Every structure is written in C-alpha cells, then in structure tokens.
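A look at the structure
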Amino acid sequence: MNGSANLNVMIKAARAAGRSLVKDFREVENLQVSMKGAGDFVSKADIAAEKILKDELRGARPTYGWLAEEGGEEPGEDPTRRWIVDPLDGTTNFLHGLPHWAVSIALEHKGKIVAGVIYDAAKDEMYFAEKGAGAWMNDTRIRVSGRQRMIESVFATGLPFGGRSDLPMTLKELAQIMPACAGVRRWGSAALDMAYVAAGRYEGYWERRLNAWDIAAGVIIVKEAGGFAQALDPADKIVESGTVICGNEVIFENFAKVIRG
Ligand code: 2AM
Ligand code: CA
C-alpha cells in the first residue's frame, strides 16, 4: 500500500525504535539469569525507544503536539495535530523475556485518530492503518475474523495487576464470558490485542483502566479492518475513557451484551 507521507514517517520511526528495542530485548533475555538490574535496564530501553520516536516524529513534523507514556504531554504550534506514542507496550512481557510487546504510534487530528501504527518488532509484524485506506500487516491487507458464533470465538482481555480495584468487575465479566466462548487470552499488550482483533486472530478484546497511548493506534487499525470499537460505556469516547471493547462486526453485539451484562 502507498501510504501518506505521515504514515511513512510513522512506520520509519516505529522501525527505528523497534530495532533499538530488539537489541535491548536480547540483553534482557541474558539478564534473566542474574535478574539484577533487569527492571532498570528495561526502563532505560523504554526511554531510549521513546527518544528515537520523538526525534523521528517531531523531527519530521516539528509543529505537531506530543503525548507519550514516559515524557508526558507537550503542546505543538499546531494545536490540531498530535502524536500519541507508547514506545513499549507490554513492558512486563519485555522484562520477563516474553516476545510479545510493541511500539504504538497514533496521529490525532482535531480530536480524531487519523492514522495508527503498531510494530511487533520481535516478530517483525508491522500493523498500520489510515482513515479510509484499510488496515495492513506488512504487505497484506488485514480484516477482522468472520466467526459468527460466540462458542467458537476467542477473546482477549487484560487482568488487573497489583492491587487494582477493578479486579472484582473483571472476574465477574470472565465468569459471564468464559462459559459462552472458545477461550479467553491475557497476553499483556493492549496494542497487540487490538492488532490481533484487526488481523482476525481473535474475535474480540476488552479492557479498562488503560491510557490513551495504549489504545489510540489500535482503535483505527480495528476500525479500518472492518471491526467495531467502543468505550465500555458506549456514551464515552474510547481514547479519553481508557476503556475499550472491540470485535468483528458480527460478534460485537453479542460480545458487548455479555461483557456489559
Ligand atoms: P505497558 O506495558 O505500556 O505498561 C495490559 O493489561 C496493558 O496494561 C498493557 O498495555 C500495559 O502497558 C498496561 N500496564 C501498565 N502497567 C502494567 C503492569 N504493571 N502489568 C501489566 N500491564 C500493565
Ligand atoms: Ca502501554
């Protein structure tokens, strides 16, 4: 696909950050044995990737605003456009040597996401979408799955970690959906969960208490792949709400009914 100039800037930036992360990931795999300093090493890898992204993205588009996980928010000269960036989504996986993490970049224009890139560098899978141009993984157009029956469907979610207060709610949702479907996965990267829905690898995904940078790119990739995405409360805006439920267009209604009770 011939993307816009902005999309090309995003893909180039994701590749550069991905290269740096893959190098550090190999090192983390070695550090597992000693464990000493693995956490600090990963935060350094994360910060280094964000710097690469910032240099690439703001270097190419100096007037756009900036919102990223590590460095926070910086308004741009152009108040209508903003990069929303997660240099390393799936940090816990990265730290544990699990090859399931991604770079996520979204471009927002006048409050709407107009382009998104999610790069799984360990597997060299580049997911991307632009408004009206479909969703892609590397050279292949992707589409949400065609499964229509809940009982044949696989769903993904995020389980609250640490002492988060949303655990009882999530357990209730799991109790509702698990008997009705073919399986639930918890893989630990919100960005890749959405990319996988877009690629038809599983039928739906839901999670709450996320940040804008976890979901912004995923939303447009799912929608351009023909899927539905909403906030858990359908009256809210997804990216602002930090909640998401998405799925293929056929399953979405039943899936959302089960999750929303
Ligand atoms: P992160 O890796 O960028 O922090 C998975 O449930 C989602 O929650 C991921 O997208 C992850 O993004 C985020 N998250 C934040 N803190 C987490 C933690 N301590 N454990 C697992 N996921 C976390
Ligand atoms: Ca994240």
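These figures come from a predicted structure and were not determined experimentally.

**Some thoughts on the site of ligand 1**
In the neighbourhood of ligand 1, 14 residues make up the surrounding shell, with Asp89, Gly90, Thr91, Phe161 and Glu207 lying closest. A distance of 2.6 Å separates an oxygen atom of ligand 1 from a polar atom in the side chain of Asp89. At a separation of 2.7 Å, an oxygen atom of ligand 1 approaches a polar backbone atom of Thr91. Its free accessible area being 470 Å², ligand 1 has 78% of it covered by the protein chains.

**A short note on the nonpolar core**
Membership of the largest hydrophobic core comes to 40 residues, with the highest contact counts inside it found for Ile84, Ile118, Tyr127, Met194, Tyr205 and Ile221. The element best represented in this core is helix 6 (residues 212-224), accounting for nine residues. Setting aside residues no more than four positions away along its own chain, Ile84 makes contact with Leu67, Ser104, Ile105, Ala106, Glu108, Ile113, Ala212, Trp213 and Ala216. Judged by nonpolar contacts, the second largest core, of 34 residues, contains Ile11, Ala13, Phe25 and Val85.

**Some words on the environment of Gly242**
Relative to the helices and strands, Gly242 is located in the loop between helix 7 (238-241) and strand 13 (244-247). Along the backbone, Gly242 and Leu210 are 32 residues apart, and their C-alpha atoms lie at a distance of 4.4 Å. Setting aside residues up to four positions removed in sequence, Gly242 forms contacts with Glu207, Arg208, Arg209, Leu210 and Ile215.

**A look at the pairing of strand 5 (residues 112-120)**
With seven of its nine residues buried, strand 5 lies for the most part within the structure. Connecting the antiparallel pair strand 4 (residues 102-109) and strand 5 is a turn made up of two residues, with Lys110 showing a positive phi of about 50°. The hairpin turn running from strand 5 into strand 6 (residues 125-130), its antiparallel successor, is four residues long, and Asp124 in that turn takes a positive phi close to 50°.

**Quick word on the pairing of strand 1 (residues 65-68)**
Of the two faces of strand 1, both are covered, the one formed by Gly65 and Leu67 as well as the one formed by Trp66 and Ala68. Across four bridges, the pairing between strand 1 and strand 3 (residues 81-89) is parallel. Bridged to Gly65 within strand 3 is Arg82. Looking at chain direction, strand 1 and strand 2 (residues 72-74) are connected through three bridges and run antiparallel. Bridge pairing links Ala68 to Gly72 in strand 2. Remark: three residues form the turn of the hairpin made by strand 1 and strand 2, two consecutive strands paired antiparallel.

**Focus: a positive patch on the surface**
Taken together, Lys112, Lys131, Lys223 and Lys237 make up a surface patch of like positive charges. In this fold, Lys223 is placed in helix 6.

**Describing the packing of helix 5 (residues 190-198) against helix 6**
Axis angle and axis distance: for two packed helices, these are the angle between their axes and the distance between the axes, and together they describe the pair. Here helix 5 crosses helix 6 at 5°, and the two axes come no closer than 8 Å. In terms of axis orientation, helix 5 runs roughly parallel to helix 6. On helix 6, the residues that touch Ala190, Ala191, Met194, Val197 and Ala198 of helix 5 are Asp214, Ile215, Gly218, Val219, Ile221 and Val222. For the contact of helix 5 with helix 6, the class distribution of residues is nine nonpolar, one polar and one charged.

**What about the sheet that holds strand 11 (residues 204-207)?**
Across the sheet, five strands lie side by side as 10-9-11-13-12; this open sheet has mixed pairing. In this open sheet, the two strands that pair with only one neighbour each are strand 10 (183-185) and strand 12 (228-230). Strand-to-strand, the axes of this sheet are offset by a mean angle of 15°, without reference to chain direction. With four bridges connecting them, strand 11 and strand 13 associate as antiparallel partners. The partner of Trp206 across the bridge, within strand 13, is Ile245. Packed on one face of the sheet, helix 4 (residues 167-177) meets strand 9 (154-157), strand 10 and strand 11 and runs near 160° to strand 11. Lying on the sheet, helix 5 is in contact with strand 9, strand 11 and strand 13; it crosses strand 11 at an angle near 155°.

**Focus: the side chain of Glu203**
Summarising the element assignment, Glu203 is placed in the loop between helix 5 and strand 11. On the accessibility criterion, Glu203 (1% relative accessible area) is buried. Looking at Glu203, its side chain comes within polar contact range of the side chain of Arg147, at 2.9 Å. When residues no more than four places from it in sequence are discounted, the contact partners of Glu203 are Ser145, Arg147, Glu152, Ser153, Val154, Phe155, Val197, Cys246, Gly247, Asn248 and Ile251.

Each value, and the rule that gives it
Residues numbered from 1 in each chain as written. Chains lettered and ligands numbered in written order. Predicted model: local features only at pLDDT ≥ 70, side-chain atom pairs only at ≥ 80, totals over all residues. Heavy atoms only, no water. Near = heavy atom within 4 Å. Polar contact = N/O pair within 3.5 Å; in protein donor to acceptor, adjacent residues only side chain to side chain. Areas by Shrake-Rupley, 256 points an atom, 1.4 Å probe, with all protein chains shown as cover. Core = buried A, V, L, I, M, F, W, Y, C linked by side-chain atoms within 4.5 Å. Buried < 20%, exposed > 50% of the residue type's maximum accessible area, 1.4 Å probe, protein only. Helix = DSSP H or I, 4+ residues; strand = E, 2+ residues; numbered from the N terminus. Contact = heavy atoms within 4.5 Å. Pairing = 2+ DSSP bridges. Patch = residues over 30% accessible without salt bridge, like charges linked within 9 Å, V, L, I, M, F, W, Y side chains within 5 Å. Salt bridge = Lys/Arg side-chain N within 4 Å of Asp/Glu carboxyl O. Lys, Arg positive; Asp, Glu negative; His and termini not counted. Charge placed at Lys NZ, Arg CZ, Asp CG, Glu CD. Axes fitted to C-alpha atoms, helices over the stretch in contact; angles between N-to-C directions. Parallel < 35°, antiparallel > 145°, perpendicular 65-115°, else oblique. Nonpolar A, V, L, I, M, F, W, Y, C, P; charged D, E, K, R; others polar.

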